[in-house]
Amino acid sequence: MRSRRHVITSALTALLAVIVGGVLADHFVLQAEWWQVNRTVTQAPEPPLRDLGPPATPVTTSWQLSTPVGDSDLPAYDRVAYTIVEGQLVIVSGHGLDVRDARTGEERWHYYRAEWSMLGWARTGQVLVAYLERIGHRGNRLMVGLDAVHGTLLWRQRGDVPSAIDRTTLRWPAAGGVVFVTEDGRHTLYGRSATTGRRLWTKRLPHGCLLPEAVPYASDSSESIAAFSIDCGASDRVLVVDPWKGRTRFTVLTRNTARSAIAVGGEVTVVFDGSSLQAFDGRGRVFLRRAGQDLCRNMCPVAVTAGHLLVAYETGQRSEDATPTRRLESVDIATGASSWHRDMPGYTALSVAGGLVYGLRSRLADPLLPAGVDVIDPVSGSGTTVPIPVVLRAGLDGVRPWLAAGGGLLYVAAPAARPRPFGAARLVALRGGIRGEGPPELAGVPPHRWPDACSLLPKRDLPRGYDGEPTPATVDGLRLPAGCTFRPPHGHGHGRSLDGPEREAGVLSVTVQWVAADVGTAKALFAAARDTQNGTRVRAGDEAYAIGTSSGTVVMRVGRAVVTVTSGLPDTATRLAAVVAARLRSAA
């Protein structure tokens with residue numbers, strides 16, 4: 001009996017030792033900071049970055065950076081986002097935080113954590129707050145506060161979750177030195193000090209209401225207010241909160257059952273509920289209201305400057321090519337009066353610096369390749385359009401198109417399809433370039449330097465009977481002979497059936513998508529275009545790729561020109577691209 005009791009006691013002691021050892025190993029080894037955290041800090045002072053963007057002149061690339069989109073078991077969080085803090089560019093990804101000198105792109109500090117994914121971030125003042133979850137263990141979570149300038153750790157806290165993450169950027173609200181968090185039930189809003197992590201106040205949401213977990217445009221904040229689109233059952237509402245006390249500034253009852261999209265600038269809150277666009281001042285007074293289901297699609301870009309709200313919303317489509325048209329409108333916040341408006345192709349982002357407004361266009365003009373930036377005087381609404389060596393292609397994900405200005409530079413981020421299979425976010429820092437002989441809308445290239453697309457395929461190289469029909473492009477009133485469509489004879493040659501090359505070709509087209517000021521700029525734009533499409537290299541021009549494996553579309557660069565050739569079959573398109581390249585070289 002004594003022997004059996006001794007055996008049982010020994011077994012229990014051994015089991016307890018294993019359990020305690022496992023707990024200690026998990027705490028001090030598996031979850032230990034010393035091996036999980038890859039963090040650097042810097043003692044260098046913050047880089048000076050004046051509140052100034054480039055002038056309305058042609059731009060050139062100062063530096064650029066590509067950040068791969070993550071591949072996690074939570075694909076909704078596989079995003080890349082950017083912000084500028086105290087002269088630094090902050091790159092946010094599932095890997096962690098990468099902070100660089102905004103002037104040069106040189107690294108200042110970073111915070112990565114092995115076996116953890118970064119699922120959210122917030123920023124207020126000189127503090128960045130990161131939210132991380134252990135891979136495969138969503139209940140194991142961590143929130144850290146970091147000094148944005150030097151990268152030093154300010155505090156660490158387990159248990160809380162972000163209040164309401166905007167899924168397009170992974171950012172959640174922080175304002176006035178306070179970061180907004182919640183708990184698992186998502187019924188309560190807490191305010192924590194961004195510098196110490198200490199809880200400052202608690203706010204219970206209205207009965208039956210919940211904070212969303214990760215929804216596009218579900219929240220936003222400035223340094224003075226934070227706004228949340230909360231789920232209250234039959235219909236949603238927007239809650240606007242004072243950061244210092246947690247007091248409700250005002251509540252908006254939305255008309256639609258769909259969750260509202262929110263944007264905040266200064267003391268202004270803009271709400272799109274799927275049927276109308278409204279803007280509220282800091283007291284909750286509506287000073288702008290526009291009706292329409294297609295005004296914003298996801299959300300309208302906004303900016304606040306000099307007592308005015310600038311908002312870009314959709315007004316319809318151009319009759320000639322069905323291109324969506326957006327209106328940029330300036331509204332006096334105090335009176336609600338419209339100061340001016342300008343109708344332009346779609347804006348995807350707005351930024352204000354140095355007394356100028358910068359508006360990012362998805363395309364300079366159809367069918368041209370580069371994106372464009374409008375440099376606008378916020379007082380009069382007059383402005384100039386400048387092409388940029390960035391390609392914004394519809395259907396790509398991983399980063400929301402982003403625009404910022406500072407230190408005489410313009411920062412633009414866009415999604416890319418390469419590297420495969422998940423793509424990347426490409427950030428380009430642009431500075432003022434050489435003005436050139438021509439207008440800034442064409443990057444200083446005179447319009448007469450553009451080749452006529454219809455002259456690039458002479459009749460001797462076309463199938464019998466084909467005729468070219470010009471399809472010009474227009475950039476702010478400048479008409480360019482950029483496109484040409486070649487069609488077979490009407491009625492297939494008066495009863496004659498097509499065979500051979502004619503049958504292969506079908507409808508042909510040649511599009512001069514851009515003529516750059518120099519070869520280096522053309523190479524950069526061609527590379528940007530290639531990175532947005534899954535193409536295979538072909539032999540044509542100086543460099544070329546075919547879109548897809550069975551497509552009859554070839555994109556090529558010949559000197560300063562980027563040209564697209566389309567046909568019925570890849571071999572035909574490649575053969576005709578070689579003809580176009582020879583014509584361009586002989587005309588150079």
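Worth saying up front: this structure is predicted, and the values here are computed from it rather than measured. (Residues numbered from 1 in each chain as written. Predicted model: local features only at pLDDT ≥ 70, side-chain atom pairs only at ≥ 80, totals over all residues. Heavy atoms only, no water.)

Let's talk about the overall build of the protein
Part 1 of the reasoning: For the protein, the helix and strand inventory stands at six helices and 43 strands.
Part 2 of the reasoning: The 588 residues of the protein split such that 53% are buried.
Part 3 of the reasoning: Restricting the contact set of the protein to residue pairs at least 6 apart, pairs at least 24 apart contribute 51%.
Part 4 of the reasoning: Working note: accessible area of the protein is about 25400 Å², and carbon and sulfur atoms make up 52% of it. (Helix = DSSP H or I, 4+ residues; strand = E, 2+ residues; numbered from the N terminus. Buried < 20%, exposed > 50% of the residue type's maximum accessible area, 1.4 Å probe, protein only. Contact = heavy atoms within 4.5 Å. Areas by Shrake-Rupley, 256 points an atom, 1.4 Å probe, with all protein chains shown as cover.)

Focus on the pattern of salt bridges
Part 1 of the reasoning: All chains considered together, the criterion is met by 27 salt bridges.
Part 2 of the reasoning: Among the salt bridges present, the one from D242 reaches R249, with a minimum N-O distance of 4.0 Å.
Part 3 of the reasoning: Salt-bridge contacts for D281 lead to R285; the nearest nitrogen and oxygen are separated by 2.9 Å.
Part 4 of the reasoning: For D281, a relative accessible area of 6% gives the class buried.
Part 5 of the reasoning: Among the residues examined, R285 registers a relative accessible area of 29% and is labelled partly exposed.
Part 6 of the reasoning: Salt bridges sharing partners connect three or more residues here, namely R530, D542, E543, R557 and R585. (Salt bridge = Lys/Arg side-chain N within 4 Å of Asp/Glu carboxyl O.)

Details of the sheet that holds strand β22 (residues 261–265)
Part 1 of the reasoning: Here four strands make up an open sheet; going across it, the order is β22-β23-β24-β25 and the pairing antiparallel. Both outer strands of the open sheet, β22 and β25 (286–291), are each paired with one neighbouring strand and no more. Neighbour-to-neighbour, the strand axes of this sheet turn through a mean angle of 15°, independent of strand direction. (Pairing = 2+ DSSP bridges. Axes fitted to C-alpha atoms, helices over the stretch in contact; angles between N-to-C directions.)

Re the nonpolar core
Part 1 of the reasoning: Ranked by internal contacts, the top residues of the largest apolar core, which has 50 residues, are L368, W450, V510, W514, M556, V563 and V580.
Part 2 of the reasoning: Counting only elements with at least two residues in this core, the list comes to β37 (467–475), β38 (478–487), β39 (508–515), α5 (519–531), β41 (543–547), β42 (553–558), β43 (561–566) and α6 (570–587).
Part 3 of the reasoning: At seven residues, the largest contribution of residues to this core is made by α6.
Part 4 of the reasoning: For M556, the residues in contact, after removing those within four places along its chain, are F526, A540, G541, E543, A544, A561, V562, V563, A577, V580 and A581.
Part 5 of the reasoning: Among the nonpolar cores identified, the runner-up in size contains 38 residues, and L97, M143, V161 and A174 belong to it. (Core = buried A, V, L, I, M, F, W, Y, C linked by side-chain atoms within 4.5 Å.)

Some details on the pairing of strand β31 (residues 356–361)
Part 1 of the reasoning: Most of β31 is tucked away, with five of its six residues classed as buried.
Part 2 of the reasoning: The hairpin turn running from strand β30 (residues 347–353) into β31, its antiparallel successor, is two residues long, and G354 in that turn takes a positive phi close to 60°.
Part 3 of the reasoning: Pairing analysis gives five bridges linking β31 to strand β32 (residues 371–376), with the strands arranged antiparallel. Considered in β32, the bridge of R361 is made with G372.

Brief notes about the confidence of the model for the protein
Part 1 of the reasoning: Of the residues in the protein, 89% have a pLDDT of 70 or more, and the chain-wide mean is 88.
Part 2 of the reasoning: A low-confidence stretch, residues 491–504 stays under pLDDT 50, and its non-local contacts, those more than four residues away or across chains, total 14 contacts. (pLDDT = per-residue confidence, 0-100.)

As for the sheet that holds strand β9 (residues 137–147)
Part 1 of the reasoning: In spatial order, the strands read β7-β8-β9-β10; together these four strands make up an open sheet with antiparallel pairing. Unpaired on one side and paired on the other, β7 (116–124) and β10 (153–157) mark the two borders of the sheet. When strand polarity is set aside, the average angle formed by the axes of neighbouring strands in this sheet is 20°.

A short note on the packing of aromatic side chains
Part 1 of the reasoning: Throughout the structure, instances matching the rule amount to seven aromatic pairs.
Part 2 of the reasoning: Pairing F180 with W201 gives two aromatic rings, centres 5.7 Å apart and planes at 65°, and the pair type is edge-to-face. Of this pair, F180 sits in strand β14 (residues 178–182) while W201 sits in strand β16 (residues 199–204); the two residues are 21 residues apart in sequence, bridging distant segments of the chain.
Part 3 of the reasoning: Plain terms: the ring middles of F180 and F228 are 5.5 Å apart, the flat faces sit at 65° to each other, and that makes the pair edge-to-face. Taken together, the residues F180 in strand β14 and F228 in strand β19 (residues 226–230) connect sequence positions 48 residues apart. Neither F180 nor F228 differs from the other in exposure class; each is buried.
Part 4 of the reasoning: Through a chain of ring-to-ring contacts, the aromatic side chains of F180, W201 and F228 assemble into a single cluster. (Phe/Tyr/Trp six-rings, centres within 6.5 Å; stacked < 30°, edge-to-face > 60°.)

Focus: the state of the cysteines
Part 1 of the reasoning: Tallying each qualifying case throughout the model produces three disulfides.
Part 2 of the reasoning: Linked covalently through their sulfurs, C209 and C232 form a disulfide whose S-S length is 2.0 Å. Measuring handedness by torsion sign, the sulfur bridge of C209 and C232 sits at about 110° and is right-handed. Here C232 lies in the loop between β19 and β20 (237–241) and C209 lies in the loop between β16 and β17 (214–215), a separation of 23 residues in the sequence. Comparing C209 with C232 shows no difference in burial state: the two are buried.
Part 3 of the reasoning: Paired through a disulfide, C296 and C300 show a sulfur-sulfur distance of 1.9 Å. Disulfide C296-C300: the torsion about the S-S bond is -95°, which places it as left-handed.
Part 4 of the reasoning: For the protein, the bonded cysteines connect in the pattern 1-2, 3-4, 5-6 when numbered consecutively along the sequence. (Disulfide = S-S within 2.5 Å.)

Focus on the side chain of D273
Part 1 of the reasoning: Relative to the helices and strands, D273 is located in the loop between β23 (268–272) and β24 (276–280).
Part 2 of the reasoning: For D273, a relative accessible area of 2% puts it in the buried group.
Part 3 of the reasoning: Engagement of the side chain of D273 in a polar contact is seen with the backbone nitrogen of S275, the distance being 3.0 Å.
Part 4 of the reasoning: Looking at D273, its side chain comes within polar contact range of the main-chain nitrogen of S276, at 2.9 Å. (Polar contact = N/O pair within 3.5 Å; in protein donor to acceptor, adjacent residues only side chain to side chain.)

Topic: the environment of R283
Part 1 of the reasoning: Checked against the element boundaries, R283 lands in the loop between β24 and β25.
Part 2 of the reasoning: Along the primary structure R283 and V240 are separated by 43 residues, whereas in three dimensions their C-alpha atoms are 9.9 Å apart.

Description of the pairing of strand β6 (residues 107–113)
Part 1 of the reasoning: The element β6 is extensively covered by neighbouring structure, given that six of its seven residues are classed as buried.
Part 2 of the reasoning: Across four bridges, the pairing between strand β1 (residues 37–40) and β6 is antiparallel. Considered in β6, the bridge of R39 is made with Y111.
Part 3 of the reasoning: Bridge analysis of strand β5 (residues 96–101) against β6 gives five bridges, and the strand direction is antiparallel. When the sheet's bridge partners are listed, V99 is paired in β6 with W109.
Part 4 of the reasoning: Connecting the antiparallel pair β5 and β6 is a turn made up of five residues, with G105 showing a positive phi of about 85°.

What to know about α5
Part 1 of the reasoning: Between the first and last C-alpha of α5 there are 18 Å, a value that for 13 residues agrees with the 18 Å anticipated at 1.5 Å per step.
Part 2 of the reasoning: Within α5, burial applies to A522, L525, F526, A528, A529 and R530.
Part 3 of the reasoning: One side-chain oxygen of the residue at the start of α5 lies 3.1 Å from the amide nitrogen of G520, identifying that residue as D518. (Expected span 1.5 Å × (residues − 1).)

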